[in-house]
Amino acid sequence: MKSIYFLFMFLMVGSGVSFGAKAKAKKVDPEEVLQRGREAFYNYDFEEAADLYDEYRSLKTKAKQSLDDEFEIWESELEIASNAFDRVQKIVVVDSISIPSGRFYEAYKLSSSAGKIAPYSLLSNDRNGNNETAYVNEGGDYLFYAQENSDGELRIHEKILLLDHTWEEKESLEGDFEKSGDYAFPFMSSDGQTLYFANNGEESMGGYDIFVAQRDALTGEYRQPLNLGMPFNSPYNDFMFAIDEETGLGWWATDRNAFEGRVNVYVYLLEDIRKNYPDDTENLAELAKLASFKDTWTDDKNQLISPMMPTINTHSEGNRETTKDFELSLGNGKTYIKYTDFKNRKAADLMKQYITKRTELERKEKDLSQLRQQYKTNKSLQTKIIENETEIEDLRLQTYALGNEVLKLEKSVR
């Protein structure tokens with residue numbers, strides 16, 4: 001037994017194991033732990049963020065040190081985001097438009113029935129008014145806007161255009177619209193009862209979140225606002241939600257996935273019934289943060305393209321007798337697959353231009369996607385990426401215009 005003992009000791013000493021003073025443990029910096037927790041939060045790893053927040057609190061308590069002044073706010077934001085992550089809505093995002101933050105409202109191509117979004121000074125014809133984003137309805141007689149109160153916080157106001165063409169200003173919205181933070185970016189649905197707005201107060205998961213409140217038709221009072229949840233909201237700023245029932249499209253702006261000084265305006269297809277992703281969806285975090293909006297597309301080809309453009313499929317299939325030049329849906333079950341299907345010759349010529357533009361747009365979008373991937377390791381590409389985004393935005397508008405003209409001309413033939 002002694003020989004075995006001495007052999008054991010010899011091996012342990014030879015391996016460098018010390019039986020003397022305890023090895024000094026590396027001191028954990030609570031600020032580093034908090035920073036890792038913040039990074040996990042912004043990466044949608046909310047369980048990891050919660051663990052790191054708990055560790056940070058424990059380290060600070062043990063050292064009898066005070067917590068960061070904003071830590072309780074961050075804990076609240078984490079709880080809201082974690083709850084929202086359990087109910088990520090399934091939507092189809094058909095477009096993402098990058099635009100300077102000061103002109104973001106220009107990306108909203110709403111039909112006249114949906115009203116207008118622009119700075120308050122423009123919509124009210126008050127040149128001395130504020131430049132907060134405002135909304136006016138189709139008739140131009142109902143105006144919602146944000147204005148600072150005596151405490152410097154933004155509150156939502158409404159005005160009604162009187163018969164003498166002067167504005168009657170009402171008091172700012174009360175009740176739940178008087179809690180913490182700024183209330184801004186209002187939009188009233190065409191039903192006149194559903195108000196969307198953004199707030200960066202205690203019920204937000206970070207920055208501005210988008211909320212919706214229903215107005216009682218009898219009393220005129222608003223019920224308790226509800227957070228729209230993910231993917232509309234995020235740990236970043238999300239604001240200016242709008243819906244256009246005529247085109248079947250919804251819009252909102254966000255500074256997630258965007259360069260400094262710019263925002264992304266997402267366009268998505270409206271659905272009658274809300275559907276959520278299963279909580280065990282493999283790429284749920286990517287879908288919630290909209291890392292790539294094309295990941296939201298379904299297998300239904302008619303949902304892969306914005307309704308602002310003709311629904312087409314330019315991929316040939318089958319043998320020569322059944323080969324399609326394209327697939328264009330005109331609605332009512334009518335579909336064109338060849339240029340000879342057109343009754344309007346100009347529409348057929350424009351269809352050729354449309355497909356050329358569409359192909360060029362897809363190529364440039366693919367190139368832009370590659371540049372964004374390269375940007376992760378090469379920050380000097382930012383200027384080139386912004387130039388490409390501007391070029392793609394112009395090309396996209398040209399493509400939309402051609403597509404709409406094709407449908408307009410062909411549908412005019414009886």
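Keep in mind that this is a model prediction, so the values were computed, not measured. (Residues numbered from 1 in each chain as written. Predicted model: local features only at pLDDT ≥ 70, side-chain atom pairs only at ≥ 80, totals over all residues. Heavy atoms only, no water.)

(A) The arrangement of the overall build of the chain in detail. The helix and strand tally for the chain stands at eight helices and 15 strands. For the chain, the residues scored as buried account for 43% of the 414 residues in total. Surface accessibility of the chain: about 23700 Å² in total, with carbon and sulfur atoms responsible for 48%. (Helix = DSSP H or I, 4+ residues; strand = E, 2+ residues; numbered from the N terminus. Buried < 20%, exposed > 50% of the residue type's maximum accessible area, 1.4 Å probe, protein only. Areas by Shrake-Rupley, 256 points an atom, 1.4 Å probe, with all protein chains shown as cover.)

(B) Here's a closer look at the sheet that holds strand 9 (residues 209-214). Read from one edge to the other, the open sheet built from four strands follows the order 7-8-9-10, with strand pairing classed as antiparallel. The open sheet has two edge strands, strand 7 (183-188) and strand 10 (226-227), and neither has a second partner. Pairing analysis gives four bridges linking strand 7 to strand 8 (residues 194-199), with the strands arranged antiparallel. Bridge pairing in strand 8 places F187 opposite Y196. (Pairing = 2+ DSSP bridges.)

(C) The environment of E410, seen in detail. Relative to the assigned elements, E410 resides in helix 8 (residues 382-411). Exposure remark for E410: the relative accessible area of 4% places this residue in the buried category. A sequence separation of 65 residues divides E410 from R345, and the C-alpha atoms of the two residues are 8.8 Å apart. One polar contact links the side chain of E410 to the main-chain amide nitrogen of K343, over a distance of 2.9 Å. (Polar contact = N/O pair within 3.5 Å; in protein donor to acceptor, adjacent residues only side chain to side chain.)

(D) Inspection of the packing of helix 3 (residues 46-62) against helix 4 (residues 71-85) at higher detail. As a packed pair, helix 3 and helix 4 sit with axes 10 Å apart at the nearest point and diverge in direction by 155°. Considering the angle they form, helix 3 stands roughly antiparallel to helix 4. Along this stretch, helix 3 crosses helix 4, giving a crossing that reads as left-handed. Here F46, A49, A50, Y53, Y56 and R57 of helix 3 lie close against helix 4, whose contacting residues are F71, W74, E75, L78, A81, S82 and F85. For the contact of helix 3 with helix 4, a count of residues per class yields 10 nonpolar, one polar and two charged. (Axes fitted to C-alpha atoms, helices over the stretch in contact; angles between N-to-C directions. Parallel < 35°, antiparallel > 145°, perpendicular 65-115°, else oblique. Left-handed = near helix turned anticlockwise from the far one by under 90°. Contact = heavy atoms within 4.5 Å. Nonpolar A, V, L, I, M, F, W, Y, C, P; charged D, E, K, R; others polar.)

(E) Focus on empty space enclosed by the protein. Scanning the entire structure with this criterion turns up two cavities of 30 Å³ or more. Lining the largest cavity we find D176, K179, S180, Y183, F197, N199, G201, E202, E203, F211, Q224 and P225. For the lining of the largest cavity, the class distribution of residues is four nonpolar, four polar and four charged. By volume, the second largest cavity amounts to about 30 Å³. Lining of the second largest cavity is provided by V88, Q89, I91, P231, Y277, L287, L290 and T296. For the lining of the second largest cavity, the per-class residue count stands at six nonpolar, two polar and no charged. (1 Å grid on protein atoms, 1.4 Å probe; cavity = no way out; pocket = protein on both sides within 12 Å on 5 of 7 lines; lining within 4 Å. Points joined across faces, edges and corners; volume = space filled by probe spheres on them.)

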